[in-house]
Amino acid sequence: MLELQAVHKKFGGLHAVNDVSFSVNEGTIKSVIGPNGAGKTTLFNLIAGNLPPTDGTILFQGKAIQGRKPHQVAARGMARTFQNIKLFHGMTALECVMVGCHTQSKAGFISGMLNTPFARKEEKAIRQRSMELLQLLEIEEFAEVEATSLAFGQQRAVELARALALNPRLLLLDEPAAGLNIYETAEISRLICKIREMGVTVLLVEHDMSLVMEISDEVVVLCFGEKIAEDTPENIQQNPEVIRIYLGEDE
Amino acid sequence: MKVSKTNKILCLCALVILTQVTTTLTGTQYYLTQLTMAAYYGLVVIGLGVLMGYAGQISIGHAGFFAIGGYISAAMTTHNLVQLQDTPIISFCSQMGLLMERQDIYGDQLLTFAPWAACVTALLLAALIAFFLGIPVLKLKGHYLAMATLGFGTIIYRLVLATPLFGEADGISEVPAFTLLPAIGSLPPIMVSGDFGLRVINYYLAWGVLIIGMILLLNLIDSRVGRALRSLHSSEEAAEASGVHTSGCKVYVFVISAVYAALAGVLLTHYNAGIGPSEASVMKSVRYVALVAVGGMTNLWGTLIVGISLTFLSLRGVFGSYDDAVFAAILIGVMLFSPAGILSLRGCLLPSKQEIAPAKEENL
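Each residue is numbered by its place in its chain's sequence as written, counting from 1. Chain letters start at A and ligand numbers start at 1, both assigned in the order the entries are written. Local features are withheld for residues below a pLDDT of 70 in this predicted model, meaning they are given only at 70 or higher, and side-chain atom pairs are given and counted only at 80 or more; totals for whole chains, interfaces and linings count all residues. Side-chain descriptors were evaluated using all non-hydrogen atoms of the structure, hydrogens and water having been removed beforehand.

Enquirer: I'd like a description of the side chain of Ser 105 of chain A, backed by residues and values.
Expert: Secondary structure follows DSSP: runs of H or I at least 4 residues long count as helices, runs of E at least 2 residues long count as strands, and numbering of each begins at the N terminus. Take Ser 105 of chain A: it is sitting in the loop between helix 3 (93-100) and helix 4 (109-114). Take Ser 105 of chain A: its relative accessible area is 6%, and that puts it in the buried class. Nitrogen and oxygen atoms within 3.5 Å of one another constitute a polar contact, given that in protein one can donate a hydrogen and the other can accept it, and given that sequence-neighbouring residues count only through two side-chain atoms. Reaching out from Ser 105 of chain A, the side chain makes a polar contact with the backbone oxygen of Cys 101 of chain A at a distance of 3.0 Å. Whether two residues are in contact is decided by their heavy atoms, any of which lying within 4.5 Å being enough. Setting aside anything within four residues of it in sequence, one finds Ser 105 of chain A in contact with Glu 122 and Ile 126 of chain A together with Arg 224 of chain B. Relative accessibility thresholds used throughout: buried, under 20% of the residue-type maximum; exposed, over 50%; partly exposed, between the two (1.4 Å probe, protein chains only).

Enquirer: Before we move on, can you summarise the packing of helix 3 (residues 62-78) of chain B against helix 10 (residues 246-272) of chain B with the specific residues and values?
Expert: Residues and elements named next belong to chain B. Note on method: axes are straight lines fitted to C-alpha atoms, helices fitted across the in-contact stretch only, with angles between N-to-C directions ranging 0 to 180 degrees. Where helix 3 meets helix 10, the axes come as close as 7 Å, and the angle between the chain directions of the two elements is 45 degrees. Between helix 3 and helix 10, the crossing angle belongs to the class labelled oblique. Between helix 3 and helix 10 lies a crossing whose hand is right-handed. Note on element contacts: helix 10 touches helix 3 through Phe 254, Ser 257, Ala 258, Ala 261, Ala 262, Ala 264, Gly 265, Val 266, Leu 268, Thr 269 and His 270, opposite His 62, Phe 65, Phe 66, Gly 69, Gly 70, Ser 73, Ala 74 and Thr 77. Along the lines of polarity and charge, the residues of the contact of helix 3 with helix 10 split into 10 nonpolar, 9 polar and no charged. What sets the label is the angle itself: under 35 degrees gives roughly parallel, over 145 gives roughly antiparallel, 65 to 115 gives roughly perpendicular, and the rest give oblique. Each crossing gets its handedness from the near helix: less than a right angle anticlockwise from the far helix is left-handed, clockwise is right-handed. Under this grouping Gly is polar, as are all residues other than the nonpolar Ala, Val, Leu, Ile, Met, Phe, Trp, Tyr, Cys and Pro and the charged Asp, Glu, Lys and Arg.

Enquirer: Account for the pattern of salt bridges, with residues named and values stated.
Expert: Residues and elements named next belong to chain A. Should a side-chain nitrogen of Lys or Arg be within 4 Å of a carboxyl oxygen of Asp or Glu, the pair is scored as a salt bridge. Going through the model one piece at a time under the given rule, you end up with 20 salt bridges over all chains. A salt bridge links Arg 244 to Glu 241, with the shortest nitrogen-to-oxygen separation between them at 3.5 Å. Of this pair, Arg 244 and Glu 241 are both found in helix 10 (residues 240-247), 3 residues apart, which corresponds to roughly one turn of the helix. Take Glu 241: its relative accessible area is 33%, and that puts it in the partly exposed class. A single salt-bridge network, built from bridges that share partners, covers Lys 30, Glu 218, Lys 227 and Glu 230.

Enquirer: Any details on the sheet that holds strand 2 (residues 14-24) of chain A? Residues and values, ideally.
Expert: All names here are of chain A. In space, the 4 strands of this open sheet follow the order 2-1-4-5, with antiparallel pairing throughout. In this open sheet, the two strands that pair with only one neighbour each are strand 2 and strand 5 (63-64). In terms of strand pairing, strand 4 (residues 55-60) meets strand 5 through 2 bridges, oriented antiparallel. Bridging from a neighbouring strand, Phe 60 pairs with Lys 63 of strand 5. What makes two strands pair is DSSP finding at least two bridges between them.

Below, the structure written as structure tokens:
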């Protein structure tokens, strides 16, 4: 599904991502963990096309995508959410999800201005599909509420729905549990598993270890831009190197 | 509370007809002249409103696009081609029916481009310039974009002031009427012209163009592309991640708003039978921006209403020599007390349903 081969990213003298390689298999949930500043978000931005890698190859469904623009990557079936939720101001939850359907629809400037039958039909289909996604994430009652005025957990769900609207093959989740309490985190972890069951592969960056260990099939550990471990959650918890990073060394 | 788009349009149409009937009955038809002009300026303002309010891209150069429309159309329909009429290009244009022959006020032969050919050229040119200006300039954000578009407006202003073809400081006068439909039988011709006898027709023509322009933009806002524009206004990163080609969308909406401004320029120039350099001035661009801001950035109806009423008052000379100062004062007042535009003041008087609804849900 997704394969990183010796990916590097340098910002001036800082080697933010250093020779990272791993792959994400179809239908699995993979997590990237690591202390602050380990390069997790940079890695995400490289995969999603927000930043070009300095070196290395990123294959998505067998095709190289490094250096592509985010909207091109999105059109190939990769969706993402953001650490600090980015919903659209002045739009209802439903409209936010409808924006997510952008790659699934075609009507352009002219047909939009003329409100052609084609555009109207497509609009109806988009609305229907977006409503179904809100139902799937159990937030359909907030469809007509301005998205940015919703509670934090609900905003995360709207963002998830928007990402799913792309009909993605791969979903990137940047700290989906950040800022959520334990009930909301449990809710999100249930939703992520639900999404995986729909056949969507998931790659997530997360600090909440209970969430990571509960839902991941595999975990990658980053530290100062380098991959130091890649294994199942059980083995990662036993890995002395990982324990050293997280708990510090014995004096 | 919520009135549908169609009903609002119908109300506007009714109001337009009512105004015309009232002025006829009360013998105050002279108001129609300024209302016609205000409608054309309204076209510039709503086009800019979509660019600024919905897509979030400021342009302090829209008078430049208005001037491109007006000046190209004026120059092409007044510049005498008689001496060139034997050249292959001009005779080819003549065969294609692009030219118009008439006599000037001294009775000499005058051969110029036909207004429709000039109009098409002007609109295409404005669209092209907007396209090629937009690609680099729309990469800028906020103040930087404002400065760059200001630069563009200044270039156009100085160009028309310095070019003999555009009449330098005098501008261009004696622009012919723009015949849209020739007289058929007993029906009067439909032409854009300041002729007193055609005042009512021109009033309806201008408002017809404005209302159609308004409908197209309202459709656009509610469409897939409109949603994409609104999303990139709020977060370009999230819009990109949703598959929106943000730089392309920005350029296209810039082109559309430039074409709106240019069309207004073309029609108003034919209506006034001329155009002067003040139409290209930076102060005009600033005024358009102010009208959008006063009307409410994300409120196309507010933009339309404020744009038309203030422009009408200004054209009637209500503000006298203090015109620009009054506009600036209104802008300061609105920014201080009602940054979302004048229509948002409604909310202070009667809380709308929309504001109550989210409050309730938070209590759940």
